[in-house]
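# Report on the structure
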Amino acid sequence: MANDQCKSVLILGLAASGEAAARLLLAEGRKVTVLDGKNTPEIRGRAGKIQKYGAVVFAGASKIPDGDFELCVVSPGVRPDSPVLKEIVSRGIPVLPEFELGWLRAKCPVIAVTGSNGKSTLVKLCAETMRLVGLKTFAAGNYGPPVSQIVLDHPALDWLVIEVSSFQLETARNFHPDIGVLLNVFPNHLDRHHDLRSYTAAKARLFARMTDKHRAVVNENNLSEINGMLGGKLRLVSFGLSAEADWFFRENFVGTRFSDQKVQLENTVFANEIMGQAAAAAAAVMAACKIPFSCLERAARDFKPLPHRLESVGMLRGVRFVDDSKATNAAALAAALKITAGKVRLIAGGLPKNESYAPLKPLLAEKASGVYLIGQAAGEMGTAWGETVACRICGTLEKAAAEAWREAVPGETILLSPACASFDQFRSFEERGRRFRQFYDSLAAEQAGREAKPAPGAKKQGV
């Protein structure tokens, strides 16, 4: 990959990606200045680490520091319409997302995955399949460690699998993966992208610099729109549920119109139409990498879902608790309702993303025994769903879980699947999921204590 030889670099944002970019550039002997509008203990901790190696950090600052910067590396949390980024662009300073900075230093082929839902699952499945054939493979980006960190700490890789968000793709310049995958597009992040077409266009930037030497894999539902946005310049490989797709999921297997080969998925987490499409995309990727389908089958059998993605927390008195805190949009909630067996007591709400909740009404009517609403979106959700299913505005997660537990009956599932971001009440979707588990653990301990307590008037058994 080409290497940018800028000597003085400004980094916007000192979260994990900003710190990784700083480490990488400092290791190359660059002069690094970091600007972050926040001045939290976490930011100060990261600042201390990179200042030891010569970085200059401005925390709690909103103005561009003095300096002749030849490049600006931007973290995904920085909005493109932020005043500081607008000023940088007006000065003519080139802007690069952190993941592209790392990609430029990668010495191996790259798979990049984007989409609205299920990206991390597909990245994990691809990376684990490739490791089964002995390929030294790391997953990075939105999935886990920043790309800059991986290429610095692990320079000798066979493959790098990157999860890329629309936020990251907004500022991409020359990024072109060897294999790019668009898993799906549903309304998401419309508070930032404003409308679905703009959001889709941001996703399509994944393919903008690709050529026929590369492989572009696209969900059949988005094929026509993406092809139009790209001007028909690429041969797109499709996947989905129909026989017209190049790779398709059907009846517990993935098939292809190119051969009679099948990837058997029976008794795996991919044996349904939601997860099965991710497996179909993985099959298209593995075929491009010339990796045997037997390895994909084995990886699917051994696959352990990531935390907070329809994660089974436990069962009490015949009631299941499921943590799907990663469901941060309506499409993810719809998928959770379809996959979850039986009736659910749904906990939803949080920070809204400017999308409509009305399309979920038929599914809620079929699946939900009750809905318990939290966070800023509670009122809007209650208005959208109140005539379809019994909704209760609970405010907090703990109150919602307690009410759901009080009303649940054996065979039902208490499902945390918020369809919203978490930042109104939590630091992250991970914290939201952990709080749900903590409620379950406390409840389980309470139930165990009651069962262990002797009934009134009971006599102790002699030995």
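Keep in mind the model is a prediction, meaning the values are calculated, not measured.

Before going further, it helps to spend a moment on the nonpolar core. The biggest cluster of nonpolar side chains holds 50 residues, and the ones touching the most others in it are I11, L160 and F207. Top element by residues in this core is helix α1 (residues 16-27). It accounts for five residues. Those residues in contact with L160 that lie beyond four places of it in its chain are A106, C108, P109, V110, I111, F138, A140, V147, I150 and V151.

Where α1 meets helix α4 (residues 98-105), the axes come as close as 9 Å, and the angle between the chain directions of the two elements is 35°. Helix-helix and strand crossings are classified by hand; for α1 and α4 the assignment is left-handed. Mapping the contact onto sequence places S17, A21, L24 and L25 in α1 and E98, L101, G102 and R105 in α4. Of the residues in the contact of α1 with α4, the class split is four nonpolar, two polar and two charged.

On to the sheet that holds strand β4 (residues 71-74), then. Sheets are built from strands that pair by backbone hydrogen bonding, the pairs being arranged parallel or antiparallel. Strands sit in the order β3-β2-β1-β4-β5 across an open sheet of five strands; the sheet is parallel. Edge positions in the sheet fall to β3 (56-59) and β5 (95-97), since each has one partner strand and no second. Adjacent strand axes in the sheet meet at a mean angle of 20° when their direction is disregarded. Alignment of strand β1 (residues 8-12) against β4, held across four bridges, turns out to be parallel. Note that in β4 the partner of I11 across the bridge is V73. Its contacts with the sheet place helix α2 (residues 41-51) against β2 (31-36) and β3, and it is angled at close to 170° to β3. In this fold helix α3 (residues 83-90) packs onto β1, β2, β4 and β5, with an angle of close to 155° to the strand it touches most, β1.

By the secondary structure assignment, E163 is in strand β8 (residues 159-163). Classification of E163 as buried rests on a relative accessible area of 4%. On a C-alpha basis, the gap between E163 and N142 in space is 5.1 Å, while along the polypeptide they are 21 residues apart. Discounting residues that sit within four places of it in the chain, E163 has contacts with V113, K119, S120, V123, A140, G141, N142, Y143 and Q168. A polar contact is formed between the side chain of E163 and the backbone nitrogen of Y143, at a distance of 3.4 Å.

Where like charges cluster on the molecular surface, the positive patch consists of R173, R205, R209 and K233. One can find R209 in the loop between α9 (196-204) and β10 (215-219). For R209, a relative accessible area of 48% translates into the label partly exposed.

Of the strand pairs in this sheet, strand β18 (residues 368-374) and strand β19 (residues 391-395) are connected by four bridges, and their pairing is parallel. The residue bridging Y372 from the neighbouring strand is R392, located in β19.

This paragraph deals with helix α17 (residues 429-452). The end-to-end C-alpha separation of α17 is 35 Å, in line with the 34 Å expected for 24 residues at 1.5 Å each. Packing partners of the buried residues in α17 comprise β15 (311-316), β16 (319-323), β17 (344-349), α16 (397-407) and β20 (413-416).

Another point: the sheet that holds β16. Ordered in space as β15-β16-β20-β17-β18-β19, the six strands form an open sheet in which the pairing is mixed. Each of the sheet's edge strands pairs with one partner strand only, and the pair in question is β15 and β19. When strand polarity is set aside, the average angle formed by the axes of neighbouring strands in this sheet is 20°. Lying on the sheet, α17 is in contact with β15, β16, β17 and β20; it crosses β15 at an angle near 20°.

Turning our eyes to something else, we now look at the pattern of salt bridges. As enumerated under the stated definition, the model contains 23 salt bridges in all. Ionic pairing is found between R437 and E311, a salt bridge with its closest N-O pair at 3.5 Å. Placement of R437 in helix α17 and of E311 in strand β15 is noted, with a sequence separation of 126 residues between them. What you see here is one network of salt bridges that share partners, running through R345, R392, E403, R406, E407 and E412.

Here the focus is helix α12 (residues 293-302). Since the α-helix turns once every 3.6 residues, residues separated by three or four places project in the same direction. Of all the residues in α12, the buried ones are F293, C295, L296, E297, A299 and A300. At its buried positions, α12 is contacted by α5 (119-132), β12 (247-250), β14 (262-264) and α11 (273-288).

Tallying each qualifying case throughout the model produces nine aromatic pairs. Seen in terms of ring centroids, F321 and F436 are 6.1 Å apart; in terms of plane orientation they differ by 45°. Their pairing is tilted. Residue F321 is found in strand β16, and its partner F436 is found in helix α17; the two are separated by 115 residues along the sequence. Site record: aromatic cluster; members linked through ring pairs are F321, W405, F436 and Y440. The ring of F303 has K124 sitting right over it, with the charged end atom 4.1 Å from the ring centre. The aromatic ring of F253 is capped on one face by K262, whose charged end is 4.3 Å from the ring centroid.

The description of two packed helices rests on the angle between their axes and on the distance between the axes. Contact geometry of α5 with α11 gives a least axis separation of 10 Å together with a crossing angle of 45°. The angle between α5 and α11 places the two elements in the oblique class. Between α5 and α11 the crossing geometry is right-handed. Contacts from T121, L122, L125, C126, T129 and M130 in α5 reach M275, A278, A279, A281, A282, V285 and M286 in α11. Its residues placed into classes, the contact of α5 with α11 shows 11 nonpolar, two polar and no charged.

Rules behind the numbers
- Residues numbered from 1 in each chain as written.
- Predicted model: local features only at pLDDT ≥ 70, side-chain atom pairs only at ≥ 80, totals over all residues.
- Heavy atoms only, no water.
- Core = buried A, V, L, I, M, F, W, Y, C linked by side-chain atoms within 4.5 Å.
- Buried < 20%, exposed > 50% of the residue type's maximum accessible area, 1.4 Å probe, protein only.
- Helix = DSSP H or I, 4+ residues; strand = E, 2+ residues; numbered from the N terminus.
- Contact = heavy atoms within 4.5 Å.
- Axes fitted to C-alpha atoms, helices over the stretch in contact; angles between N-to-C directions.
- Left-handed = near helix turned anticlockwise from the far one by under 90°.
- Nonpolar A, V, L, I, M, F, W, Y, C, P; charged D, E, K, R; others polar.
- Pairing = 2+ DSSP bridges.
- Polar contact = N/O pair within 3.5 Å; in protein donor to acceptor, adjacent residues only side chain to side chain.
- Patch = residues over 30% accessible without salt bridge, like charges linked within 9 Å, V, L, I, M, F, W, Y side chains within 5 Å.
- Areas by Shrake-Rupley, 256 points an atom, 1.4 Å probe, with all protein chains shown as cover.
- Salt bridge = Lys/Arg side-chain N within 4 Å of Asp/Glu carboxyl O.
- Lys, Arg positive; Asp, Glu negative; His and termini not counted.
- Charge placed at Lys NZ, Arg CZ, Asp CG, Glu CD.
- Expected span 1.5 Å × (residues − 1).
- Phe/Tyr/Trp six-rings, centres within 6.5 Å; stacked < 30°, edge-to-face > 60°.
- Lys NZ or Arg CZ within 6 Å of the ring centre and 35° of its normal.
- Parallel < 35°, antiparallel > 145°, perpendicular 65-115°, else oblique.

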